[in-house]
Amino acid sequence: MIHLITDSAADFEPRELEQLNITCIPLSVRFGDADYQENVNLTKDQFYELLLNSGELPKTSQASPQILLDLFENARDAGDEAIYFTLSSALSGTYQSACMTRDLAESDRCHVVDSLNATGGQRLILEHAAGLRAEGKTTEEIIAGVEDLRSRIVLFACIDTLEYLYKGGRISQTVYKLGTLANIKPIITVEPDGSIGIPAKAMGMRKGMDLLCKQAQSRPADPAFPFYVMYTNNRSVAEALAAKLAAVGIPVPDERIIQVGAAIGSHIGPDACGLVYVAAK
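Anyway, here's the lowdown on the structure attached to this text. The structure presented is a predicted model; accordingly, all values stated were derived computationally and were not measured.

Rules used throughout
Residues numbered from 1 in each chain as written. Predicted model: local features only at pLDDT ≥ 70, side-chain atom pairs only at ≥ 80, totals over all residues. Heavy atoms only, no water. Pairing = 2+ DSSP bridges. Helix = DSSP H or I, 4+ residues; strand = E, 2+ residues; numbered from the N terminus. Axes fitted to C-alpha atoms, helices over the stretch in contact; angles between N-to-C directions. Core = buried A, V, L, I, M, F, W, Y, C linked by side-chain atoms within 4.5 Å. Buried < 20%, exposed > 50% of the residue type's maximum accessible area, 1.4 Å probe, protein only. Contact = heavy atoms within 4.5 Å. Expected span 1.5 Å × (residues − 1). Arc of directions from axis to C-beta.

## So, the sheet that holds strand S3 (residues 28–31)
Step number 1: Strand order in the open sheet made by the 3 strands is S4-S3-S5, with antiparallel pairing throughout. Each end of this open sheet is capped by a strand with a single partner; those strands are strand S4 (34–37) and strand S5 (59–61). When strand polarity is set aside, the average angle formed by the axes of neighbouring strands in this sheet is 25°.
Step number 2: Judged from the 4 bridges that link them, S3 and S4 form a sheet pairing that is antiparallel. Residue pairing for S4: Phe 31 is matched across the bridge by Ala 34.

## Structural notes on the nonpolar core
Step number 1: Residues Leu 4, Phe 47, Ile 83, Phe 85, Ile 142 and Val 276 are the most contacted members of the largest nonpolar core, which totals 50 residues.
Step number 2: The dominant element in this core, judged by the number of residues it contributes, is helix H5 (residues 119–134), at 6 residues.
Step number 3: With residues near it in sequence (within four places) discarded, Ile 142 still touches Ile 2, Ile 83, Phe 85, Ala 129, Leu 132, Arg 133 and Lys 137.

## Some thoughts on helix H3 (residues 65–77)
Step number 1: For H3, which comprises 13 residues, the first-to-last C-alpha distance of 18 Å matches the rise-based estimate of 18 Å (1.5 Å per residue) to within 8%.
Step number 2: Of all the residues in H3, the buried ones are Leu 68, Leu 69, Phe 72 and Ala 75. Viewed end-on, H3 has its buried residues packed into an arc of 130°, placing them on one side of the element. When the buried face of H3 is taken as reference, the exposed residues oriented beyond 90 degrees from it are Asn 74 and Asp 77.
Step number 3: On its buried face, H3 sits against strand S1 (2–7), strand S2 (22–25), strand S6 (81–86), helix H4 (94–105) and strand S7 (110–114).
Step number 4: At the C-terminal side of H3, Gly 79 shows a positive phi close to 75°.

## A few points about the environment of Tyr 228
Step number 1: Position of Tyr 228 relative to the elements: it lies in strand S11 (residues 228–231).
Step number 2: Accessibility expressed as a relative area gives 4% for Tyr 228, which makes it buried.
Step number 3: Separated by 18 residues in the primary sequence, Tyr 228 and Ala 246 place their C-alpha atoms 12 Å from one another.
Step number 4: Setting aside anything within four residues of it in sequence, one finds Tyr 228 in contact with Arg 123, Leu 124, Glu 127, Arg 256, Ile 258, Gly 274, Leu 275 and Val 276.

Shown next as structure tokens:
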């Protein structure tokens, strides 16, 4: 048996994890002195309620390595294999920590793969891995398939507010103030090395959505894979983006509109929207 493991940065809902038979390790979120675990005692809606109303800047952190070690040792002792697909190593120390945990398990049946992605991109990788497992592929074939897919994932998002990038230390106070006055909406992307880039800026959310649509048109999606629209707390923004995509010939059904969780939502804030898909070869 092959166990697929990920962390809550992949933004699955609990019922989806159950359907795909994927084990999810919750990342931790702290507001002041209160600690939470995603999908354990903190839903996505509850996270955004706290984000908007608590007055605290949330801090996210890795889960205890012991959780992963137990999963690896259980798989090892059962004679099974386990693959942990982590949040991008450029965004978190989860991958490096997982590699050390794998070494503690002392088993060549336990594997760690850097998704070089987050949120919907990480989700696409896990869905592909689950599909390959269902086809009867070996662990090596699943990892190779994911590594092939990884470079084809396209993720772009439009951020509504610069506040959280500023509070998180990713932009200066000057850029924050000037950008806010000018109603600038940064367009962010996941770079090939798994880091976050800001390839463009838009004057207002409507123009930001137009840029996202142009990106999807310029590099067409592979229809064999899902095309997702993402949002932070405000689904109506995602629905507006989905309508714009439909108008240019890219329909996105309601079930493929997904909410971004705390791992990324902490850094981009509310009212953001984005898209993620696998590009055609």
